[in-house]
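Per-entry structural report
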Amino acid sequence: MGENVLLPIQNWLDIEMKYTVGRDQTARKNQYRLTHAEECVLADGDEKADFIFSPWLPLKFALYRYDEDLKGEDLVVKKAEDYQGLKRLVQEVLPVKESAVQTLSRFFQVYATKENVMILPDKRAALARSIRPYCDFTPSFLRGCFRGGLFSDYFGNRDDVFENWVKSQHMEVFFKDREIKRENIRGMEFKDMMARFDGTPDDFEHLEDAVLWYLEILRERKELLEAGE
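Residues numbered from 1 in each chain as written. Predicted model: local features only at pLDDT ≥ 70, side-chain atom pairs only at ≥ 80, totals over all residues. Heavy atoms only, no water.

What follows is about the overall build of the protein. Scanning the protein from N- to C-terminus turns up eleven helices and two strands. The linear arrangement of helices and strands in the protein, starting from the amino end, is α-α-α-β-α-α-α-β-α-α-α-α-α. Looking at the protein as a whole, 51% of its 229 residues qualify as buried. Partitioning the contacts of the protein with sequence separation of at least 6, the portion at a separation of at least 24 is 67%. Only carbon and sulfur atoms are counted for the fraction: they give 47% of the accessible area of the protein, which is about 11500 Å². (Helix = DSSP H or I, 4+ residues; strand = E, 2+ residues; numbered from the N terminus. Buried < 20%, exposed > 50% of the residue type's maximum accessible area, 1.4 Å probe, protein only. Contact = heavy atoms within 4.5 Å. Areas by Shrake-Rupley, 256 points an atom, 1.4 Å probe, with all protein chains shown as cover.)

Membership of the largest hydrophobic core comes to 67 residues, with the highest contact counts inside it found for L59, L63, L94, F162, W165 and F174. A total of nine residues in this core trace back to one element, the largest contributor, which is helix 11 (residues 201-227). Y19, Y32, A37 and C40 belong to the second-largest nonpolar core, a separate cluster that totals five residues. (Core = buried A, V, L, I, M, F, W, Y, C linked by side-chain atoms within 4.5 Å.)

Once that is clear, we can look at the confidence of the model for the protein. Predicted confidence across the protein gives a mean pLDDT of 89, with 90% of residues reaching 70 or more. At the low end of the mean pLDDT range in the protein sits helix 10 (residues 191-194), at 70; at the high end sits helix 9 (residues 159-168), at 98. (pLDDT = per-residue confidence, 0-100.)

Another aspect to go through is helix 4 (residues 56-66). Most of helix 4 is tucked away, with ten of its eleven residues classed as buried. Every buried residue of helix 4 is accounted for by W56, L57, P58, L59, K60, F61, A62, L63, Y64 and Y66.

The description of an aromatic ring pair uses the distance of the two centres, along with the angle that the planes make with each other. For the structure shown, the criterion picks out 23 aromatic pairs. For the pair F155 and F162, a centre-to-centre distance of 5.1 Å together with 70° between the ring planes defines the contact as edge-to-face. Lying over the aromatic face of F141, R129 brings its terminal NZ or CZ to 5.4 Å of the ring centre. (Phe/Tyr/Trp six-rings, centres within 6.5 Å; stacked < 30°, edge-to-face > 60°. Lys NZ or Arg CZ within 6 Å of the ring centre and 35° of its normal.)

Below, the discussion takes up the packing of helix 4 against helix 5 (residues 80-93). Two elements in contact, helix 4 and helix 5, have axes separated by 10 Å at closest approach and are oriented at 55°. Regarding the angle of helix 4 to helix 5, the classification is oblique. Every pair of crossing elements has a handedness; the one defined by helix 4 and helix 5 is left-handed. Where helix 4 abuts helix 5, its residues W56, L59, L63 and Y66 lie against Y83, L86, L89, V90 and V93. (Axes fitted to C-alpha atoms, helices over the stretch in contact; angles between N-to-C directions. Parallel < 35°, antiparallel > 145°, perpendicular 65-115°, else oblique. Left-handed = near helix turned anticlockwise from the far one by under 90°.)

Turning our attention to unusual backbone geometry. With a phi angle near 55°, D44 is a residue other than glycine that sits in the positive phi range. Structurally, the position occupied by D44 is in the loop between helix 3 (38-42) and strand 1 (49-51). In this structure, R178 is a non-glycine residue whose phi angle is positive, near 60°. Relative to the assigned elements, R178 resides in the loop between helix 9 and helix 10. Judged by its relative accessible area of 39%, R178 is partly exposed.

Printed below as a string of structure tokens:
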């Protein structure tokens, strides 16, 4: 049972390791990304593709929660041995009987699907939204896309352009009643927690709620994509 719970996470780390090693061995790194990065492959090679929910953040938070010595570390992974070390951490640290870990495993089983991929208006937005305090947390990114926000320039600082993008990408699932307004963004209750790197027991309890919410958003978006709306 334990091995099965952790297997989706370990498989993802293997995929990331293989991608990193392959990318580092080629001079044509951008072309390699288009044909090998999972988000680009799922989007037929579009360079502006990005995962809506990155697996990195919840995995790091889980490791911080269950290993006191890791708190505050950035867990940077750049080489094959880094990934191997992270795989050992996952095996040693994550308690497979915990409901939160099992929920995390469920997310890793579905992260690499079309419903978890969006096409950004500009490929530079992927890097911009990854910095703290945004940390690839999509509700925070969406909030910053409205006029006057940090990411609004990608939409010409126009809410109507942003709204059209939201609809084209079926991102309206992130808004209450699917009304595209700043105050309607769902999931903002997890914003502060997701920007932190010093997990506590209470925080991780909320992380499970956040990952369950990830799964719900992906379910709703999948329905829209399948309906062709």
